[in-house]
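An overview of the molecular structure
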Amino acid sequence: MKGDNYVFGMIGLGTMGRNLLLNMADHGFKVAGHDKDAKKIEQLGKESGQANVKGFGSVNEFVDSLRKPRAIMMLVPAGKIVDSVIEELTPLLDKGDLIIDGGNSHFTDTNRRVEALSEKGLHFFGMGISGGEEGARKGPSMMPGGDREAYNVVRPIFESVAAKVNGDPCVTYIGPGASGHFVKMVHNGIEYGIMQLIAETYEVMKKGLGLPDEKIQTVFNDWNAGRLQSFLIEITKDIFSFKEPGSDHLLLNDIKDEARAKGTGKWTSQVAMDLQTPLSLIDTAVSMRDLSKYKSLRVKASALYKDKSRTISGSREEFIASLEAALYFSTIIAYAQGMHLLSQASQEYTYDLKIDRIAQIWRGGCIIRSAFLEDIYQAFKNDAALPHLLLDKNVQQKVSSLLPAIRSVLSGAISAGIALPAYASALSYFDSFTSERMPSNLIQAQRDYFGAHTYELIGKEGVFHTQWFTK
C-alpha cells in the first residue's frame, strides 16, 4: 500500500503494543507499527497475516504511511524513553496530529508534555490501558484524557476495540490534560489494595485454617461464582490449580515471597497525601510489598520470635463463610477510597471527572473489573455529586450487613498471630469515617501545647491558643 493509507500508528511492538494493533486490525482498521527491533516487526507480520497491518523499521516511513491528521500511540516504558520518542517524532509531524502515551506515565509528566506539544500545535493524550496482554488483544478498558476534539479522531477505533459490557464499550473520554493517566494511576492503587486483601485471605486459609491447596482453590472458585466475582479472584483460583508439567505441586509454592512493583501504587498514595485524602488500605498494600522485600530480616525475626499460635479455633466452614464476607467488606472499602480520591482530584485539578462513567468502563476489560463495580456505577449514576461511596444507601445496607464478619475474622486472626494489615486498615478506616467524634481534639490540644499551633472550639468562631503550663 502507498502512503497516507493507515489510520493509526503504534510505536513499541512489545506484547501490549502488538496485541492492541492486531486487535484494531481485527476490527477492520488499517494500522501501522514501528519498532527499532526488527524481530518484533517480523513477529507482528507473522501474527497478523493481514494486509491491513504493516510494520516499519524506519520512523520516517512509518510516519509517512499514516493518514492525516495522524494518530500515533506510544506503548513504551514510562520515563525518559517517552520523551525520547516524542523528540524523535515531533519534527516529522504536522500541526493537528495526535500523539498518545498508552504507558503508565506519572500524570505530572503528562501535564508537562501536554503543554510542550500544545505550543507546537500537536495534541497529546495520556491514556491509561488496563487488561494486560490478553485485554489488549481481546478488548481492554481504556482511559483517554486530553483535548476532546482530538479524542473524536480516534474515538471510533477505541470504541471498536475496547471490551464491551452490556454492549457498552469500556472506554470514555475522561477529561482534560493528564486526567486519563491520573485515573489509571488510581485504578492501579485500588488494584494494589485488592491484591493485598486476597493475599491475606490466602494467608488465613493456609496458616490459620490449615487448608490444603486443593481446598483453597475450591473456595476461590466458589467465591468467584458469587458476589466476589472479579478478574482478580478468577486468576487466583486458576493459580491454585496450576502445576508445571511433570510436577506434583503448585508452581505458587515455589515462588519467592517478595512482591515487586512498578510504582503506580506508591504514586497513588503520594498524591492522596498531597490532596489530604486518606487511602489507608492502599497505603498499607504498598507498605506490605515493601516489607516483603526484607526477606533476610524476616527470616531472622521469625527465628527470634516463636510465640505465634497460627491456628484459628472453631468451625472451619463458619470461618470461611465469615472470611468471604470480610473480603467483600474490605474490597468495598478499597473501591470507596479510590473513588473518593478521584472526586477530590477532580475538584483540585478541574478534571470534571464523571465517576459513574469511570466505574462503567472499569466493569470490563480491566484488572479490577468485578461484579461490585455495577453497584458503584449505579451509585454515581443516581447521584453524580455523591461525595463518598459509603454514603450511598445501597452500599450502606451491604456494608452494615458485613460488619459482624469482618470483626470476627480480625479477632480470630489477631488471636492466632496472623497478620491481616489490609483487613485491619479497612475496618479502622470505616470505624473512623463513621465516627461522629474522633479523638483528634486531643491532637489539636497537644499541637497547641508544644507549638502554639492554635485550635478551634465547638460552637465558637475564631482560633484560640492556651498557655497550657506555667513557666
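Now for a look at the structure at hand. Nothing here was measured: the structure is a model prediction, and the numbers come from that model.

Turning next to the overall build of the protein. Across its full length, the protein carries 19 helices and eleven strands. Here the C-alpha radius of gyration of the protein, 25 Å, is about what a compact globule of 471 residues would show, namely 23 Å. Along the three orthogonal principal directions, the C-alpha set of the protein runs to about 80 × 70 × 45 Å. Buried residues in the protein amount to 49% of all 471 residues.

Take empty space enclosed by the protein next. Scanning the model with the defined rule gives two cavities of 30 Å³ or more in all. Looking at the largest cavity, its volume works out to about 110 Å³. In this structure, the largest cavity is lined by 18 residues; those nearest its centre are I194, L228, S230, T331 and S370. Of all the secondary structure elements, the ones that give two or more residues to the lining of the largest cavity are α8 (179-208), α10 (231-239) and α14 (316-348).

In this section: the environment of G45. Positionally, G45 belongs in helix α2 (residues 38-48). Residue G45 is classed as partly exposed on the basis of its relative accessible area of 44%. C-alpha separation for the pair G45 and S315, spaced 270 residues apart in sequence, amounts to 58 Å.

What follows concerns the state of the cysteines. Going through the model one piece at a time under the given rule, you end up with zero disulfides. You can see C170 has no disulfide; the closest cysteine sulfur is in C366, sitting 7.5 Å from it. C366 sits in the buried class, given a relative accessible area of 0%.

Once that is clear, we can look at the pairing of strand β6 (residues 123-130). When a strand is regular, its side chains alternate between the sheet's two faces. Within β6, seven of the eight residues are buried, leaving the element largely enclosed by the surrounding structure. Bridge count between strand β5 (residues 98-101) and β6: four bridges; the pairing is parallel. Counted as the bridge partner of D101 is G126 from β6. Each parallel crossover has a hand, and the one from β5 via helix α5 (residues 107-118) to β6 is right-handed. Examined bridge by bridge, β6 and strand β7 (residues 141-145) share five bridges and lie antiparallel to one another.

The seven strands lie next to each other as β3-β2-β1-β4-β5-β6-β7, forming an open sheet whose pairing is mixed. Edge positions in the open sheet fall to β3 (53-56) and β7, since each of these has one partner strand only. Pairwise comparison of adjacent strand axes, ignoring direction, gives a mean angle of 25 degrees for this sheet. Across the sheet, helix α4 (residues 80-89) is in contact with β1 (8-11), β4 (71-74), β5 and β6; its angle to β4 comes to roughly 155 degrees.

Criteria and thresholds
- Residues numbered from 1 in each chain as written.
- Predicted model: local features only at pLDDT ≥ 70, side-chain atom pairs only at ≥ 80, totals over all residues.
- Heavy atoms only, no water.
- Helix = DSSP H or I, 4+ residues; strand = E, 2+ residues; numbered from the N terminus.
- Rg over C-alpha atoms; globule rule 2.2 N^0.38 Å.
- Buried < 20%, exposed > 50% of the residue type's maximum accessible area, 1.4 Å probe, protein only.
- 1 Å grid on protein atoms, 1.4 Å probe; cavity = no way out; pocket = protein on both sides within 12 Å on 5 of 7 lines; lining within 4 Å.
- Points joined across faces, edges and corners; volume = space filled by probe spheres on them.
- Disulfide = S-S within 2.5 Å.
- Pairing = 2+ DSSP bridges.
- Right-handed = clockwise from strand over helix to strand, strands pointing away.
- Axes fitted to C-alpha atoms, helices over the stretch in contact; angles between N-to-C directions.
- Contact = heavy atoms within 4.5 Å.

That's the geometry; what it means functionally is another story.
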